[in-house]
Amino acid sequence: MIISIKSSFDLESTLFSGQVFRWQKFDGWYFGVIFDHVVKIKQIDNSIEVYCENTDKFFVSRMLSKYFNLDLDIDEVYNQLPKDEFVQNPIKKYKGMRILKQDPWECLISFICSSVSNIKRISKNIEDLCINLGNNIHLGSYSRQSFPTPQDIIYAGPDFLRELKLGFRSEYIYQSAKMIESGEVNLEELYSLSYDESLQTLVSLPGVGDKVANCVLLFAFNKLDAFPVDVWINRAITRNYLKGEKLPPLHVRNWSRNYFGNYAGYANHYIFHGIRLQD
DNA sequence: GTGAGGCCTTCAGC
DNA sequence: AGCTGAAGGCCTC
């Protein structure tokens with residue numbers, strides 16, 4: 001099945017820019033799991049080829065269209081960002097890289113795992129969680145696992161998470177799972193809340209500070225004005241726009257949201273991807 | 001209100 | 001070989 005896309009598209013950059021950690025590439029095909037579905041896709045020109053097998057094509061098409069946010073005209077996003085070359089250069093270079101609409105729960109746990117870590121280790125942590133605690137799912141002879149539910153995490157317990165080498169993040173993940181399972185925090189309702197309100201809810205979870213919360217708002221909840229500030233972004237923004245002044249992350253976040261506007265999150269991700277790949 | 005130190009584990013660099 | 005520091009942050013004192 002072919003899904004054609006109206007605006008720019010770059011599948012490789014989209015899947016391997018550090019916003020999501022479960023995609024694997026073999027023989028030019030990208031294999032991933034979206035909710036409980038194994039997906040096999042590749043890019044052909046400006047469209048996505050989807051490998052289907054006994055699956056409802058209409059359903060898969062809708063699912064991917066939502067996941068990649070294909071209704072968003074990304075060229076219009078570029079137009080609305082500032083014209084300075086610091087943001088326009090990586091846009092030119094990785095034109096078509098999209099911000100996904102991931103499963104909030106998986107995204108949350110992924111970014112709790114990201115603290116003092118790196119993409120390679122985060123990916124291994126997440127995959128180990130799925131292999132040990134998820135359900136088997138498959139596409140033809142290709143097998144993967146679904147992302148474990150909060151219940152699965154609670155049942156496993158913090159000691160088991162430590163055995164999976166999640167380190168000090170184990171307690172955070174376990175406690176967050178409990179708060180979500182109990183209903184104390186309801187992720188679904190964040191879709192309809194404002195940036196400030198949803199941010200406030202997310203940072204009430206253990207292991208979730210301003211940076212992690214902004215990642216979840218951006219990569220799962222499609223709040224495109226979210227602006228995660230890690231050490232790299234902090235350095236990049238202060239050096240290029242703020243005279244190299246040493247400023248706290250919150251200050252850089254607020255300045256950037258004001259400067260870049262409604263699509264600040266897109267600016268963030270392009271700048272981040274640019275500096276991450278430049279060595 | 002702000003800042004330094006500790007935290008699991010891995011991996012690169014001496 | 002074995003040590004040391006850093007790695008996409010958060011929490012606590």
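In this convention, every chain numbers its residues from 1, walking through the sequence in written order. For naming, the first written chain is A and the first written ligand is 1, with later ones following in the order written. Reporting of local features is limited, given that this is a predicted model, to residues whose pLDDT is at least 70; pairs of side-chain atoms are given and counted only at 80 or more, and all residues count toward the totals for whole chains, interfaces and linings. The basis for the side-chain values is all heavy atoms of the structure; hydrogens and waters are excluded.

Colleague: Help me understand the overall build of chain A, please; the structure alone is not making it clear to me.
Modeller: When its secondary structure is counted, chain A shows 13 helices and seven strands. Computed over the C-alpha atoms, the radius of gyration of chain A is 19 Å, within 12% of the 19 Å expected from 2.2 N^0.38 for a compact globule of 279 residues. Taken over the C-alpha atoms alone, chain A extends approximately 50 × 45 × 40 Å along its principal axes. Scored against the burial criterion, the 279 residues of chain A give a buried share of 54%. Residue contacts follow a heavy-atom distance rule, with two residues in contact if any of their heavy atoms lie within 4.5 Å. Long-range contacts, defined here as pairs at least 24 residues apart, represent 66% of the contacts in chain A between residues at least 6 apart. The accessible surface values rely on the Shrake-Rupley method and a 1.4 Å probe; as for residues, cover is taken only from the protein chains in view. In the form shown here, chain A has an accessible surface area of approximately 13,400 Å², with 49% of it arising from carbon and sulfur atoms. Only DSSP runs of H or I covering at least 4 residues are called helices, and only runs of E covering at least 2 are called strands; the numbering of each starts at the N terminus. Throughout, the radius of gyration refers to the C-alpha atoms, and the reference size of a globule is 2.2 Å times the residue count to the power 0.38. Exposed residues in this analysis have more than 50% of their type's maximum accessible area, buried residues have under 20%, and partly exposed residues fall in between, with area computed by a 1.4 Å probe over protein chains only.

Colleague: So what exactly am I meant to see when it comes to the protein's contact with DNA strand B here?
Modeller: Here a residue is near a molecule or strand as soon as one of its heavy atoms is found within 4 Å of it. Residues in contact with DNA strand B, as listed here, are V116, K120, R121, R162, K165, G167, F168 and R169. A share of 63% is what sugar and phosphate atoms reach among the atoms of DNA strand B within 4 Å of the protein. As a working rule, the residues Ala, Val, Leu, Ile, Met, Phe, Trp, Tyr, Cys and Pro are called nonpolar, Asp, Glu, Lys and Arg charged, and the rest polar, with Gly in that last group. Residues belonging to the surface near DNA strand B are distributed by class as follows: two nonpolar, one polar and five charged.

Colleague: What is the right way to look at the pairing of strand β4 (residues 37-44) in this model?
Modeller: Side-chain direction in a regular strand flips from residue to residue, so the side chains alternate between the two faces of the sheet. The sheet contact formed by strand β3 (residues 29-34) and β4 spans five bridges and is antiparallel. Looking at the pairing, V33 lines up with V38 of β4. Two strands make a pair as long as DSSP finds a minimum of two bridges between them. Hairpin geometry of β3 and β4 is characterised by an intervening segment of two residues between the two adjacent antiparallel strands and by a positive phi of about 50° at F35. Taken together, the four bridges between β4 and strand β5 (residues 47-50) define a ladder with antiparallel strand orientation. Each bridged residue has a counterpart across the sheet, and for I44 the counterpart in β5 is S47.

Colleague: Explanation requested: the protein's contact with DNA strand C in the structure shown.
Modeller: Among the 22 residues in the neighbourhood of DNA strand C, the closest are listed as S115, V116, I119, G207 and G209. A share of 54% is what sugar and phosphate atoms reach among the atoms of DNA strand C within 4 Å of the protein. Between DNA strand C and G209, the relevant distance is 2.7 Å, taken from a phosphate oxygen to a main-chain nitrogen or oxygen of the residue. Pairs of N or O atoms are called polar contacts if they sit within 3.5 Å, as long as, within protein, a hydrogen donor faces a hydrogen acceptor (for residues adjacent in sequence, only side-chain-to-side-chain pairs). In the environment of DNA strand C, a phosphate oxygen lies 3.3 Å from a nitrogen or oxygen atom belonging to the backbone of V231.

Colleague: What am I meant to see in the sheet that holds β3 here?
Modeller: The strands that make up a sheet are held in pairs by hydrogen bonds between backbone atoms, and each pair lies either parallel or antiparallel. On the basis of which strands lie adjacent, the open sheet formed by five strands has the order β1-β5-β4-β3-β2 and antiparallel pairing. Edge positions in the sheet fall to β1 (2-4) and β2 (24-26), since each of these pairs with one other strand and no more. Recorded for the sheet is a direction-independent mean angle of 30° between the axes of neighbouring strands. Structural elements are reduced to axes, namely lines fitted to C-alpha atoms, with helices fitted over the stretch in contact, and the angle between N-to-C directions of any two is expressed from 0 to 180 degrees. Docked against the sheet, helix α2 (residues 57-67) engages β1, β3, β4 and β5, running at close to 70° with respect to β4.

Colleague: In this structure, what is going on with the side chain of H269? I would like to understand it.
Modeller: Inspection of the secondary structure assignment puts H269 in helix α13 (residues 264-276). At 2.7 Å, the side chain of H269 and the side chain of S17 are in polar contact. If sequence neighbours within four positions are ignored, H269 has contacts with S17, Q19, M97, I99 and F219.

Colleague: Looking at this structure, I do not really get the domain arrangement of chain A. What am I missing?
Modeller: Interface size is commonly expressed as the accessible area that is lost once the parts come together. An automatic or database domain assignment supplies the start and end points of every domain. Partitioning chain A into structural domains gives domain 1 (2-74) and domain 2 (104-219). Placing a centre on the C-alpha atoms of domain 1 and another on those of domain 2 gives a separation of 22 Å. With 16 residues of domain 1 in contact, the opposing surface of domain 2 contributes 19 residues. Accessible area that two parts lose when put together, with a 1.4 Å probe and added across both, is what the buried area reports. Contact with domain 2 buries area across many residues of domain 1, yet F21, R22 and V38 alone supply 49% of it, more than any other trio. A pair is scored as a salt bridge if a Lys or Arg side-chain nitrogen falls within 4 Å of a carboxyl oxygen belonging to Asp or Glu. With a closest N to O distance of 3.1 Å, E127 and R22 form a salt bridge. Remark: the boundary between domain 1 and domain 2 carries five residue pairs in polar contact (both at pLDDT 80 or more).

Colleague: Which parts of the structure should I look at to understand helix α6 (residues 119-133)?
Modeller: In an α-helix, one turn spans 3.6 residues, which is why side chains three or four residues apart end up on the same side. Helix span is expected to be 1.5 Å times the residue number reduced by one. Spanning 15 residues, α6 covers 21 Å between terminal C-alpha atoms, matching the ideal 21 Å at 1.5 Å per step. Within α6 the residues assigned to the buried category are I122, N125, I126, E127, D128, L129, C130 and L133. Tucked inside the fold, the buried residues of α6 contact β2, α5 (104-113), β7 (142-145) and α7 (150-163).

Colleague: I keep staring at helix α12 (residues 249-260) and nothing clicks. Help me out?
Modeller: If you check α12, its first and last C-alpha atoms are 16 Å apart, about what 12 residues at 1.5 Å a residue would give, namely 16 Å. Every buried residue of α12 is listed here: V252, R253, S256 and F260. End-on view of α12: buried residues confined to an arc of 100°, all on one side of the axis. Those residues of α12 that are buried lie in contact with α4 (85-93), α9 (195-202), α10 (210-219), α11 (231-241) and α13. This arc is taken over the directions from the axis of the helix to the C-beta atoms.

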